[in-house]
Amino acid sequence: MSDFDLDELRSELDEFAQPDKKGGGSPREERIIAGFEEIQRFFEKNGHPPRHGESGDIFERLYAVRLDRLRTREECQALLAPLDHQGLLSASSFLAVAPADAMGEDELLAELEGAAGSSDITKLRHVRPSAEKREAEEVASREKCLDFETFKPLFQQVKADLESGRRRTRRFVKDAGFLKSDIQAGQFFILGGQTAYVAEVGEPIKAPNGETDARLRVIYSNGTESDLLLRSLQRALYKDDAGRRITEPSAGPLFDDQTEDSDQASGTIYVLRSKSAHPMVAENRAVLHKIGVTGGSVERRIANARLDPTYLMADVEIVATYELYNVNRAKLEAVIHKVFGAARLDVEIMDRLGRPIVPKEWFLVPLFAVDEAVNRIKDGSITGYVYDPESARLVTR
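The model shown is predicted, which means the values in this text are computed figures rather than measured ones.

This part covers the pattern of salt bridges. Taken as a whole and judged by the stated rule, the model has ten salt bridges. When the shortest N-O distance is used, the salt bridge between Glu200 and Arg217 registers 3.8 Å. Of this pair, Glu200 sits in strand β6 (residues 194-201) while Arg217 sits in strand β9 (residues 215-220), and the two are 17 residues apart along the sequence. A salt bridge links Asp315 to Arg306; its shortest N-O distance comes to 3.9 Å. Residue classification places Asp315 among the partly exposed positions, given a relative accessible area of 35%. Several salt bridges converge on common partners, so that one network encompasses Asp147, Glu200, Arg217 and Glu225.

In structure tokens form, the structure reads like this:
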């Protein structure tokens, strides 16, 4: 055995001793460290410590409040100093930031409720980004238009054009995540219940996200005006359920085979023929048609025709369909039924419970008369015609 005494042996073994375990602090100390590490990750990602104020998102504001608390507590300073390789605990190491929010960390955390279920906790569904809030404020900010008398006749003419049908309103549409609708000087829109006129479009500017933008002068029918960005107006019109673009007086027909990109499909005029064995139906099958308008699938609508007295309690076949755009379906259907009113079928059908029903959308008209009516709807002349059952054609009123 070696001549080492016990002291020498202990000295040799010291080199192989296990290092002291770290992280053996209290749960409170572990929470403090974890909170500080989140701030450090924010600094590494953004290149600056978290700041107060509306310009930052809710997480940055939360981290800023937390960092202020850590800097003022000696207990935290002592615990975190060995980890602070970025010098975050020394407020003097950075430029001064805006005054702290009135909200404390607990109040900020309360705003985060429900975010934990999101796939990305930094994407909050119920907290609007500050840029979006600024955009909304810009759209809502209006002042009195001092030269409104210059524009007043324009609004009066647009109102008259809409009432006469020379102009129409069309919804904004969104494609591939971006608005397709263009905005130019001289155009009219409906936003927030007011008619809006784009009086001026400024020089193109480059937005922070790389998109081309421009400053607009927009006059409203209530005598106010606003100076806002083109992109802000686009998005506001798209988000407003009642937002509309007003067409030029030379806009096309109610509907056509060739549609514009901005047209909204409103539904379908359908013409059906009944397969009922009812004597009246069988005798006039070639000229008896149901004419209606639907916003959905015609096939789905007639799937259970044999159970519905509206369809004469029998299956039906689709004879013709016509797509329509940018029109009020109910009003159009009323016009069609008025035109063919003299040829409406007068028959009583029993429903499944034995109750008498008189269907109102069946007409004794040949298909060519329906085609003519559709063509007259296209050219706008339908209001001057009615169907004459004796000659089986449309005649002037």
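One open sheet holds the seven strands; their spatial order is β1-β10-β9-β6-β5-β11-β2, and the pairing between them is antiparallel. Each edge of the open sheet is held by one strand with a lone partner, namely β1 (143-144) and β2 (169-170). Bridge count between strand β5 (residues 188-191) and β6: four bridges; the pairing is antiparallel. Within β6, the residue paired with Phe189 across the bridge is Ala196.

Here we come to the side chain of Thr224. Inspection of the secondary structure puts Thr224 in strand β10 (residues 224-229). There is a polar contact of 2.7 Å between the side chain of Thr224 and the side chain of Asn222.

Among the structural elements, Cys76 can be located in helix α4 (residues 74-80). Here Cys76 falls in the buried class, since its relative accessible area comes to 2%. Along the backbone, Cys76 and Glu29 are 47 residues apart, and their C-alpha atoms lie at a distance of 8.4 Å. Among all residues touching Cys76, those that are not within four sequence positions of it are Ile32 and Leu70.

Moving on to helix α7 (residues 148-164). Its 17 residues place the ends of α7 24 Å apart at the C-alpha level, agreeing with the 24 Å of an ideal helix rising 1.5 Å per residue. Among all positions of α7, only Phe148, Phe151, Phe155, Val158 and Asp161 are buried. Burial along α7 is one-sided: seen end-on, the buried residues are contained in an arc of 135°. Turned more than 90 degrees away from the buried face of α7 sit Glu149, Glu163 and Ser164, all of them exposed. Buried residues along α7 sit in contact with β5, β6, β9 and β11 (244-246). In the segment just after α7, Gly165 is the residue with positive phi, at about 95°.

Grouped together as the largest cluster of nonpolar side chains are 23 residues, with contacts concentrated most on Ile269, Ile291, Ile336, Phe340 and Val365. Here this core takes five residues from helix α12 (residues 367-379), the largest share from any one element. Not counting the four nearest positions on each side in its chain, Ile336 is found in contact with Ile269, Ile291, Val293 and Ile377. Listed in part, the 15 residues of the second largest apolar core include Phe36, Phe42, Cys76 and Leu89.

A few words on the pairing of strand β18 (residues 385-388). Note that β18 and strand β19 (residues 393-396) share four bridges and pair antiparallel. Within the sheet, the bridge partner assigned to Tyr385 lies in β19 and is Thr396. Counted along the chain from β18 to the antiparallel partner β19, the turn is four residues long, and its residue Ala392 has a positive phi close to 55°.

Let's shift gears to the pairing of strand β13 (residues 288-294). β13 sits mainly inside the fold: seven of its seven residues count as buried. The two faces of β13 match: Leu288, Lys290, Gly292 and Thr294 on one face and His289, Ile291 and Val293 on the other face are all buried. In terms of strand pairing, β13 meets strand β17 (residues 362-364) through three bridges, oriented antiparallel. Residue Leu288 lies in a different strand from β17, and its bridge partner there is Leu364.

Turning to the packing of aromatic side chains, a few remarks are in order. Summed over the entire model, instances satisfying the criterion amount to seven aromatic pairs. With a centroid separation of 5.9 Å and an interplanar angle of 65°, the aromatic rings of Phe42 and Tyr63 are classed as edge-to-face. Here Phe42, found in helix α2 (residues 27-46), pairs with Tyr63, found in helix α3 (residues 58-72); they are 21 residues apart in sequence, far enough to count as distant. Classification of Phe42 by relative accessible area gives buried; the value is 11%. For the ring pair Phe340 and Tyr387, a centre distance of 5.5 Å and an interplane angle of 55° mean the geometry is tilted. Of this pair, Phe340 sits in the loop between α11 (329-339) and β15 (349-350) while Tyr387 sits in strand β18, placing them 47 residues apart in sequence. Neither residue differs from the other here; Phe340 and Tyr387 are each classed as buried. A connected cluster of aromatic rings, assembled from ring pairs, spans Phe148, Phe151, Phe155, Phe188 and Tyr197. Its end group placed over the ring of Tyr220, Arg142 keeps NZ or CZ at 3.6 Å from the ring centre.

Turning our eyes to something else, we now look at the confidence of the model for the protein. Chain-level statistics for the protein give a pLDDT mean of 75 and a share of 72% at 70 or above. In the model of the protein, strand β4 (residues 178-179) stands out as the element of lowest mean pLDDT, 36, in contrast to β17, which has the highest, 93. This stretch, residues 15-23, has a pLDDT under 50; its non-local contacts, to residues over four places away or in other chains, come to one contact. Below a pLDDT of 50 lies the segment residues 111-128, which in the model reaches 19 contacts outside its immediate sequence neighbourhood of four places, other chains included.

About the thresholds
- Residues numbered from 1 in each chain as written.
- Predicted model: local features only at pLDDT ≥ 70, side-chain atom pairs only at ≥ 80, totals over all residues.
- Heavy atoms only, no water.
- Salt bridge = Lys/Arg side-chain N within 4 Å of Asp/Glu carboxyl O.
- Helix = DSSP H or I, 4+ residues; strand = E, 2+ residues; numbered from the N terminus.
- Buried < 20%, exposed > 50% of the residue type's maximum accessible area, 1.4 Å probe, protein only.
- Pairing = 2+ DSSP bridges.
- Polar contact = N/O pair within 3.5 Å; in protein donor to acceptor, adjacent residues only side chain to side chain.
- Contact = heavy atoms within 4.5 Å.
- Expected span 1.5 Å × (residues − 1).
- Arc of directions from axis to C-beta.
- Core = buried A, V, L, I, M, F, W, Y, C linked by side-chain atoms within 4.5 Å.
- Phe/Tyr/Trp six-rings, centres within 6.5 Å; stacked < 30°, edge-to-face > 60°.
- Lys NZ or Arg CZ within 6 Å of the ring centre and 35° of its normal.
- pLDDT = per-residue confidence, 0-100.

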